[in-house]
Amino acid sequence: MRKKIFMLLIFLFSFTAFSEITVNESELKNKQFYLNKRIDFSAIQGNERKKIFIQTLVPIIENIEIEIKTEKEQVKKIIEKGVTTQEEKDILNNAFAKYKVKNMNTNELLNKMVVPPTSLIIAQASLESGWGTSNVAKKGNNLFGMKSFSKDQDKSVKVGKGTYYKKYDTIDESVKDYIMTLARHGAYKQLRTAIVNGENSLKLVKHLNNYSEIREEYGRKLTTIIKANDLLEHDA
């Protein structure tokens, strides 16, 4: 009897891996279901984990892409017609600050307002987090190995003797922070230019050597993940 109860508990735990949310097929097909959730991917086994991981990230990336594209269109219109109101001036100044653009260079600003292809984002998230199973992913929703300067346990996850990683309330926040890091940091200028030029993920990986200590090997691993999981099919 105890054995039967134990097996039932295991089944129920694996079925409710979505942070105490019971999942059914209709919910899995609804992209909105995956937004703002805390998901324990380690409780999902085999290929199903990869499937749920991808299904989770796609709508999150889509939402962020829409947000940035809308913001970019607004900024572009103001630049093209010229600033005529204080509100427009504030919008531009906020964008310069957000994307860390010096000297109010509008071309630099527009080139920074980009989002990498979905396939590249998913590939990096899977590589950095082990498909969501790493400690920093489970404890801090950190899918991209983003390190933290803070030692505050509410804002970071400690790994080993003294390495701290950022802690996020949701996976959505992790993805947004990663995208903004690539958009703002000087080390990824060539990546941003390649994105603007329309290069696909298999070509973009070579611009991510600065993201990892393993340099060129990092790009090769991303390429393998993209091809093995048919991730290009998720790109617009």
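The structure under discussion appears in the preceding block.
A brief report on the enclosed structure follows. All of these numbers come straight from a predicted model, not from anything done at the bench.

## Describing helix H9 (residues 189–196)
Residues of H9 that are buried include every one of Leu191, Arg192, Ala194 and Ile195, and no others. Looking straight down H9, one finds its buried side chains confined to an arc of 160 degrees; they lie on one side. Away from its buried face, by an angle of more than 90 degrees, H9 presents the exposed residues Lys189 and Gln190. The inward-facing, buried residues of H9 contact helix H5 (106–112), helix H6 (118–129), helix H8 (171–184) and helix H10 (201–204). In the stretch just after H9, glycine 198 is the one whose phi turns positive, near 85 degrees.

## Quick look at the pairing of strand S2 (residues 163–166)
Both strand S1 (residues 156–159) and S2 contribute to a ladder of 4 bridges, which runs antiparallel. Residue serine 156 lies in a different strand from S2, and its bridge partner there is lysine 166. Hairpin connection from S1 to S2: 3 residues lie between these consecutive antiparallel strands, with glycine 160 at a positive phi of about 70 degrees.

## Focus on the packing of aromatic side chains
One pass over the full model with this rule turns up 6 aromatic pairs. Summarising the aromatic geometry, the rings of phenylalanine 53 and tryptophan 131 are spaced 5.3 Å apart at their centres and angled 75 degrees between planes, so their arrangement reads as edge-to-face. Pair noted here: phenylalanine 53 is in helix H3 (residues 46–81) and tryptophan 131 is in the loop between H6 and helix H7 (135–140), with a separation of 78 residues, a long-range link. Grouping residues by exposure puts phenylalanine 53 and tryptophan 131 together as buried.

What counts as what
Residues numbered from 1 in each chain as written. Predicted model: local features only at pLDDT ≥ 70, side-chain atom pairs only at ≥ 80, totals over all residues. Heavy atoms only, no water. Buried < 20%, exposed > 50% of the residue type's maximum accessible area, 1.4 Å probe, protein only. Helix = DSSP H or I, 4+ residues; strand = E, 2+ residues; numbered from the N terminus. Arc of directions from axis to C-beta. Contact = heavy atoms within 4.5 Å. Pairing = 2+ DSSP bridges. Phe/Tyr/Trp six-rings, centres within 6.5 Å; stacked < 30°, edge-to-face > 60°.

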